[in-house]
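A look at the structure
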Amino acid sequence: MSRTFVAFVLLTTTAGQAVAADLLTIGSPAPALKVDTWVKGAPVSGIEKGKVYVIEFWQTTCVPCIKCMPHLSDLQRQHQSVIFACLSSEPEPTIRAFVAKNDKNMGFRVGVDGKGRMWKSWMEASGLEGTPTAFIVDAVGKIAWIGNPAEMDEPLRQILEGKYDSQLAIISLRFRQA
């Protein structure tokens, strides 16, 4: 039975790597970070090597997104060297009103993706549709992890400590997407 499982994992990994050339996935170079407007926090002009980023997609009407905001704020406080950029493609006035009302729960940068470029180059390119979704970009500029931001504590810690196993993360991602 274990040989069958190993063969399945190898086939899944191999198939995943073939698809990875087409899809944005773990191990892919991070797409450009081009945000129309920053409504909270210092602007970020792009992905720089040597820095770790959390790029999170959210919406003002997404209950899981809103519930996750205090958690993201805690992670930002714990990992001040990490650049958290939370992006929404909703109209700028909608995002500004939301931030004004919920500022105390939002200890991270907030950007407007008004033209949907970031959504297309990150979310659509990875075959994802739902929010909240976070991408962790490692210090060499590659996607290291993709998933629900409520589940990124351990992967983020491992990435920062240099103990992260990207091959295991690819297998885990494939099982979550199946």
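Below you will find a few notes about this structure. (Residues numbered from 1 in each chain as written. Predicted model: local features only at pLDDT ≥ 70, side-chain atom pairs only at ≥ 80, totals over all residues. Heavy atoms only, no water.)

Observations regarding the overall build of the protein chain
Our working definition: Where helices and strands are cited, they refer to DSSP runs of H or I of at least four residues and of E of at least two residues respectively, numbered from the N terminus. Accessible area is worked out with a 1.4 Å probe on protein chains only. A residue is then buried under 20% of its type maximum, exposed over 50%, and partly exposed in between. Contact criterion: two residues are considered in contact whenever any of their non-hydrogen atoms come within 4.5 Å of each other. Exposure was quantified through the Shrake-Rupley algorithm and a 1.4 Å probe, taking into account, for residues, occlusion by the shown protein chains and nothing else.
Secondary structure assignment for the protein chain yields six helices and six strands. Traced from its N-terminal end to its C-terminal end, the protein chain shows the element sequence α-β-β-α-β-α-β-α-β-β-α-α. Here the protein chain holds 178 residues, and 47% of them are scored as buried. Sequence-distant contacts, at least 24 apart, represent 72% of the contacts inside the protein chain between residues at least 6 apart. When the accessible surface of the protein chain is totalled, it reaches about 9300 Å², and 57% of it is carbon and sulfur.

Here we look at the state of the cysteines
Worth spelling out the cut-off: Put simply, a disulfide is two cysteine sulfurs that come within 2.5 Å.
Throughout the structure, instances matching the rule amount to one disulfide. Cys-62 shares a disulfide with Cys-65; S-S distance 2.4 Å. Judged by the torsion about the S-S bond (80°), the Cys-62/Cys-65 disulfide is right-handed. What makes Cys-62 buried here is its relative accessible area of 8%. With relative accessibility at 1%, the residue Cys-65 sits in the buried group. The thiol sulfur of Cys-68 is not disulfide-bonded, and the nearest other cysteine sulfur, from Cys-65, lies at 7.9 Å.

Concerning the packing of aromatic side chains
Describing an aromatic ring pair means giving the distance of the ring centres and the angle of the ring planes. Put simply, the rule is: In summary, the pairing rule links any two rings of Phe, Tyr or Trp, Trp by its six-membered ring, whose centres are within 6.5 Å, and it sorts them by plane angle into stacked for under 30 degrees, edge-to-face for over 60 and tilted for everything else.
Applying the stated criterion to the full structure yields four aromatic pairs. Where Phe-57 meets Phe-135, the ring centres are 6.0 Å apart and the plane angle is 80°; that geometry is what we call edge-to-face. With Phe-57 in strand β2 (residues 53-57) and Phe-135 in strand β5 (residues 133-137), the pair connects residues that are 78 residues apart, well separated along the chain. The residues Phe-57 and Phe-135 share a single accessibility class, namely buried.

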